[in-house]
Amino acid sequence: MGVHGVKAVFFDLDNTLVDTAAAGRRAIEEVIRALQTKHRYSEGEARLVCDKVQAKLLKECHDPAKMCITDLRISHWEEAIQETTGGEANRNLAAECYFLWKTTRLQHLTLAEDTRGMLTELRKGLRLLLLTNGDKQTQREKIEACACQPYFDAIVVGGEQKEEKPAPSIFHYCCDLLGVQPAECVMVGDSLDTDIQGGLNAGLKATVWLNKAMTTPVDTSPVPHYIISSVLDLPAVLQKMEHKINSKLGTDHTAGSNEAH
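Residues numbered from 1 in each chain as written. Predicted model: local features only at pLDDT ≥ 70, side-chain atom pairs only at ≥ 80, totals over all residues. Heavy atoms only, no water.

Asks: Explanation requested: the nonpolar core in the structure shown.
Replies: It is characteristic of soluble globular proteins that their nonpolar side chains tend to be buried jointly. Phe11, Phe152 and Leu234 are the most contacted members of the largest nonpolar core, which has 34 residues in total. Mapped onto this core, the elements with two or more residues apiece are strand 1 (8-11), helix 5 (113-122), strand 2 (127-132), strand 3 (154-157), strand 4 (185-189), strand 5 (206-210), strand 6 (226-228) and helix 9 (234-257). By residue number, the principal contributor to this core is helix 9, which donates four residues. Excluding its chain neighbours within four sequence positions, the residues that come into contact with Phe152 are Phe11, Leu17, Leu119, Arg123, Leu128, Leu129 and Leu130. (Core = buried A, V, L, I, M, F, W, Y, C linked by side-chain atoms within 4.5 Å. Buried < 20%, exposed > 50% of the residue type's maximum accessible area, 1.4 Å probe, protein only. Helix = DSSP H or I, 4+ residues; strand = E, 2+ residues; numbered from the N terminus. Contact = heavy atoms within 4.5 Å.)

The structure is reproduced here in C-alpha cells:
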C-alpha cells in the first residue's frame, strides 16, 4: 500500500504490536503458583509479593550506568518478599522469582499471525520502523522473543539513544535512519504521553493512538490525529489519509484550472 505523502510508519512495541500486559499477567500467575507449591506461601502472601513487585516496576527508575536491569529487578523481588514476610532478605528466592517471571513473560510475547500479515503487506509500499522505549537488554530480549526483526527496515531502542520518546531527537534519528522527513511519517502506539506526544513534538505527518478499550478519557491530551481499537485497523486509517490527500490534490487542481494561464 503506497500512501501519497506517507513514506514510513513507526510502530511502538509493548501493548501495540505485542500484548506485553497479558504476557506479564501470565508470568505473575506462574510465580504465584511457584511460591505456593514450592515455598509454602499462602495465595494471599504470594499475590501480595507480586502486587508489590508490579508497583515497583511502575515506579522503576533505572540508570544502566549504576546497576544492570537484572540486579535492579531481583532487588524489587527481594524487597517485596521481605516487606511481605518480614525476616531476613532472601536474594536466592528473589532471583528465582525474577527469572521465572522474566522467562514466562518472554515465552508469551508473540507477534500474532494477522499482525505479521499486516506488516508484510504494509512493507510492500512503506518503510517500517520499530521504536520502543526502555532498557536496552530488556527490549532487545523482547524483540528476539517475538521474532519481529524481519518485518522492519530498522529497530530503535530508547535505552540505546541519548533520549527516549517523547523527545523529538529520537524521532528525528529514526527519520534519518530511513532517509525520510518527519512530515512523511506516521507514529502508531498505545501511549499518549510517549508515542502520541512524541510524534506531535517531532512534527510527524500523523499520530495514531491505539486505544484498545475505546473509552476516551474526558481530557484526552495530547490529541492524536486518529484513534483505533486494534492495530489491524491501521491500513484503513492509512487509506483514509490517502483519500484525504487525493481529495485535497483534486481541490487544488480544480482551483488551479480556474485560473488564467
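Don't stop here, the text continues.
Asks: For this particular structure, what's the right way to read helix 5?
Replies: Because the α-helix completes a turn every 3.6 residues, residues three or four places apart line up on one side. Within the sequence span of helix 5, burial applies to Thr115, Met118, Leu119 and Leu122. Taken down its axis, helix 5 places every buried residue within 95 degrees of arc, on the same side. (Arc of directions from axis to C-beta.)

Asks: For this particular structure, what's the right way to read the pattern of salt bridges?
Replies: A side chain with one charge may pair with a side chain of the opposite charge, provided their charged atoms come close. For the structure shown, the criterion picks out 18 salt bridges. Lys38 serves as the salt-bridge partner of Glu96, at 3.0 Å between the closest nitrogen and oxygen. Here the residue Glu96 occupies a position in helix 4 (residues 91-107), and Lys38 occupies one in helix 1 (residues 20-39), the gap between them amounting to 58 residues. Here Asp195 and Lys165 are joined by a salt bridge, their closest N and O atoms 2.7 Å apart. Taken together, the residues span a long stretch of sequence, with Asp195 in helix 8 (residues 192-201) and Lys165 in the loop between strand 3 and helix 7 (168-178) at a distance of 30 residues. Take Asp195 and Lys165: they sit in the same class, and that class is buried. When salt bridges that share partners are traced, they join Lys52, Lys56, Glu79 and Glu83 into one network. (Salt bridge = Lys/Arg side-chain N within 4 Å of Asp/Glu carboxyl O.)

Asks: Sorry, what's going on with the packing of helix 2 (residues 43-58) against helix 3 (residues 69-85) here?
Replies: The packing of two helices is summarised by the inter-axis angle and the distance between the axes. The N-to-C vectors of helix 2 and helix 3 enclose an angle of 135 degrees; their axes lie 9 Å apart at closest approach. Here helix 3 runs oblique to helix 2, going by the angle between their axes. In the crossing of helix 2 with helix 3, the sense of the turn from one axis to the other is right-handed. Touching Glu45, Leu48, Val49, Cys50, Lys52, Val53, Lys56 and Leu57 of helix 2 are Arg73, His76, Trp77, Glu79, Ala80, Ile81, Glu83 and Thr84, all from helix 3. For the contact of helix 2 with helix 3, the residue count by class is eight nonpolar, two polar and six charged. (Axes fitted to C-alpha atoms, helices over the stretch in contact; angles between N-to-C directions. Parallel < 35°, antiparallel > 145°, perpendicular 65-115°, else oblique. Left-handed = near helix turned anticlockwise from the far one by under 90°. Nonpolar A, V, L, I, M, F, W, Y, C, P; charged D, E, K, R; others polar.)

Asks: Any chance you could explain the side chain of Thr104 here in plain terms?
Replies: As for its placement among the helices and strands, Thr104 is situated in helix 4. Ignoring anything within four residues of it in the chain, the contact list for Thr104 reads Arg26, Ala27 and Glu30.

Asks: How should I be thinking about the environment of Asn246 in this particular structure?
Replies: Within the element layout of this structure, Asn246 appears in helix 9. Once the C-alpha coordinates of Asn246 and His172 are considered, the two residues, 74 residues apart in sequence, prove to be 27 Å apart.

Asks: Looking at this structure, I do not really get the confidence of the model for the chain. What am I missing?
Replies: Caution applies to low-pLDDT regions: their predicted coordinates should not be interpreted in detail. Put simply, the chain has an average pLDDT of 92, and 92% of its residues get 70 or more. Considering only residues more than four positions removed or in separate chains, one finds that residues 252-261, a stretch of pLDDT under 50, has one contact. (pLDDT = per-residue confidence, 0-100.)

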